[in-house]
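Residues per chain are reported as follows:
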Amino acid sequence: MHEETAAASPATPPAPTLFDWEFATDPYPAYAWLREHAPVHRTKLPSGVEAWLVTRYADARQALADQRLSKNPAHHAEPAHAKGKTGIPGERKAELMTHLLNIDPPDHTRLRRLVSKAFTPRRVAEFTPRVQELTDHLIDGFAARGTADLIHEFAFPLPIYAICEMLGVPREDQDDFRDWAGMMIRHGGGPRGGVARSVKQMRNYLVELIHRKRDDLGDDLISGLIRASDHGEHLTENEAAAMAFILLFAGFETTVNLIGNGLHSLFMNPDQRTRLQASLAAGETDLLATGVEELLRYDGPVELATWRFATRPLSLGGQDIAAGDPVLVVLAAADRDPARFAEPDTLDLSRTDNQHLGYGHGIHYCLGAPLARLEGQTALATLLTRLPDLRLDADPAELRWRGGLIMRGLRTLPVAFTPAGS
């Protein structure tokens with residue numbers, strides 16, 4: 001059933017149109033309508049696939065941890081995944097399916113255990129100085145100019161270079177990764193077939209890198225995967241390549257959007273931005289820590305959780321869901337549910353009761369959350385400290401958001417500021 005055909009009484013406003021460009025600019029009024037009138041709502045997506053959208057916080061939290069909802073596309077009643085209509089474009093043809101976003105226990109448990117030690121708080125803390133160096137280096141590239149596009153010149157390259165270093169991609173190859181990743185986040189804005197080609201190129205490179213590293217193991221994540229495989233964990237070449245791929249894919253676009261959306265939210269809420277800058281100037285960090293969590297809740301980088309498929313009939317939010325049906329948990333809607341958050345449409349950087357779902361919930365909770373938090377906090381604090389009069393250099397109404405179902409992020413974020421040294 002398409003959203004426009006949803007039944008409505010005379011007292012009920014008409015159902016909103018979903019997934020067009022106007023919706024992408026500000027989806028929150030539509031999500032508010034769904035939460036109130038159709039909290040578990042079946043709709044036809046732009047790809048033609050029909051799926052259930054889950055929008056209330058309690059239902060979302062249940063669905064994210066419900067073992068009856070599988071991550072394995074083999075449970076989908078329709079062959080949509082084989083046609084590239086679900087999942088990451090090009091991943092099936094590139095033989096990159098066996099990653100954490102597509103599998104269930106026990107394989108999920110096994111593979112997650114192999115990489116979880118790379119993202120412990122201790123390992124992330126050790127990486128903190130390098131993230132600060134990368135941040136300062138990128139700002140140095142435009143600080144004297146007085147203008148910048150903070151998506152392309154800052155928010156995008158920072159997590160790419162950071163995750164490449166954690167994976168063990170040599171410095172001389174990291175710009176290739178930046179090019180491939182740039183194509184992947186255009187979501188149809190590049191040449192036809194460009195995403196699938198980039199995925200295949202990345203896969204071929206990762207397989208080659210795994211072979212090279214076997215003779216020269218280091219302290220990086222790919223070396224760790226090789227050691228685990230050599231010590232009886234039975235990690236296949238495809239699993240190792242798919243694991244490296246998904247850590248890169250999931251580890252950069254979320255942080256690009258966290259930084260971009262976070263800055264946009266601060267520009268749109270100058271009182272909160274002033275509070276944060278005053279706190280940073282006083283050498284405090286508490287507001288920065290709670291503030292990044294609030295930015296994740298208020299306009300987070302992941303709009304919908306990745307695909308789930310019912311393995312058997314179940315009931316969710318009063319709706320009967322058939323075996324094989326796709327279910328998409330709308331994190332952006334759940335994180336503004338007034339039944340869970342006081343004044344959910346208000347940005348409050350000091351909010352402490354903030355169990356948002358921006359990093360998911362349950363066994364698929366984001367592995368890279370500690371790294372993303374570090375990058376987000378470092379990026380925002382350094383920008384607002386080094387460029388204190390940073391301001392949006394465009395009409396907010398002219399900003400464009402990238403297409404795509406899962407992620408929410410700006411195409412560009414033009415800014416102006418007093419040039420360094422002037």
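Residues numbered from 1 in each chain as written. Predicted model: local features only at pLDDT ≥ 70, side-chain atom pairs only at ≥ 80, totals over all residues. Heavy atoms only, no water.

Caption draft 1: Broad picture of the overall build of the chain. Helix and strand counts for the chain stand at 15 helices and ten strands. Out of the 422 residues belonging to the chain, those deemed buried represent 56%. Within the chain, residue pairs in contact and separated by at least 24 positions form 72% of the contacts whose partners lie at least 6 positions apart. With the model as given, the accessible surface of the chain reaches about 17900 Å², and the carbon-plus-sulfur share is 52%. (Helix = DSSP H or I, 4+ residues; strand = E, 2+ residues; numbered from the N terminus. Buried < 20%, exposed > 50% of the residue type's maximum accessible area, 1.4 Å probe, protein only. Contact = heavy atoms within 4.5 Å. Areas by Shrake-Rupley, 256 points an atom, 1.4 Å probe, with all protein chains shown as cover.)

Caption draft 2: View of the environment of Ala-148. With respect to the element layout, Ala-148 can be found in strand β4 (residues 147-149). In this structure the C-alpha to C-alpha distance between Ala-148 and Asp-393, which are 245 residues apart in sequence, comes to 9.0 Å.

Caption draft 3: Quick look at the environment of Arg-122. Structurally, Arg-122 is set in helix α5 (residues 121-140). Residue Arg-122 is classed as exposed on the basis of its relative accessible area, which comes to 53%. Each C-alpha atom, one on Arg-122 and one on Pro-370, is 9.8 Å from the other, the two residues being 248 residues apart in sequence.

Caption draft 4: Representation of the packing of aromatic side chains. Enumeration over the complete set of coordinates arrives at eleven aromatic pairs. Considering the side-chain rings of Phe-142 and Phe-154, the 6.4 Å spacing of their centres and the 90° angle between planes classify their relative orientation as edge-to-face. You can see Phe-142 sitting in the loop between α5 and β4 and its partner Phe-154 sitting in helix α6 (residues 151-155), a full twelve residues away along the chain. Assigned by exposure class, Phe-142 and Phe-154 land together as buried. Ring centres of Trp-307 and Phe-309 lie 6.2 Å apart, and the angle between their planes is 10°; this geometry places the pair in the stacked category. The exposure classification of Trp-307 matches that of Phe-309, with both residues buried. An aromatic cluster of three or more residues is present, and its members are Phe-19, Phe-23 and Tyr-31. The aromatic ring of Trp-401 is capped on one face by Arg-408, whose charged end is 3.7 Å from the ring centroid. (Phe/Tyr/Trp six-rings, centres within 6.5 Å; stacked < 30°, edge-to-face > 60°. Lys NZ or Arg CZ within 6 Å of the ring centre and 35° of its normal.)

Caption draft 5: Main features of the sheet that holds strand β9 (residues 391-392). Pairing in this open sheet of three strands is antiparallel, and the strands run β4-β10-β9 from one edge to the other. A single partner strand is all that each edge strand has here, and the edge strands are β4 and β9. Bridging between β9 and strand β10 (residues 414-416) involves two bridges; their strand directions are antiparallel. What sits directly across from Leu-392, in β10, is Val-415. (Pairing = 2+ DSSP bridges.)

Caption draft 6: Just the nonpolar core, in detail. Among the nonpolar cores identified, the biggest contains 92 residues, and Phe-142, Leu-150, Phe-154, Leu-167, Phe-177, Leu-263 and Leu-413 are the most heavily contacted of them. The element that contributes the greatest number of residues to this core is helix α11 (residues 237-268), accounting for 16 residues. Ranked by size, the runner-up nonpolar core spans 43 residues in total, among them Val-49, Ala-60, Leu-69 and Val-330. (Core = buried A, V, L, I, M, F, W, Y, C linked by side-chain atoms within 4.5 Å.)

Caption draft 7: Examining the pattern of salt bridges more closely. Enumeration over the complete set of coordinates arrives at 23 salt bridges. The salt bridge partner of Arg-130 is Glu-133, with a shortest N-O separation of 2.9 Å. Pair noted here: Arg-130 and Glu-133 are both in helix α5, with a separation of three residues, about one helical turn. A salt bridge links Arg-373 to Glu-293; the nearest nitrogen and oxygen atoms lie 2.6 Å apart. With Arg-373 in helix α15 (residues 369-386) and Glu-293 in helix α13 (residues 286-299), this residue pair connects regions lying 80 residues apart in the sequence. For Glu-293, a relative accessible area of 14% gives the class buried. Taken together, the shared-partner salt bridges connect Arg-130, Glu-133, Glu-165 and Arg-171 into one network. (Salt bridge = Lys/Arg side-chain N within 4 Å of Asp/Glu carboxyl O.)

Caption draft 8: A look at the sheet that holds strand β5 (residues 308-310). Here we have five strands laid out as an open sheet, ordered β1-β2-β8-β5-β3, and mixed in their pairing. The sheet is open, and its two borders are formed by β1 (40-44) and β3 (69-70), each paired with just one other strand. Where strand β2 (residues 50-54) lies against strand β8 (residues 326-329), three bridges are found, and the strand directions are parallel. Looking at the pairing, Leu-53 lines up with Leu-328 of β8. Taken strand by strand, helix α3 (residues 57-65) contacts β1, β2, β3, β5 and β8, and its axis lies near 125° from that of β8. (Axes fitted to C-alpha atoms, helices over the stretch in contact; angles between N-to-C directions.)

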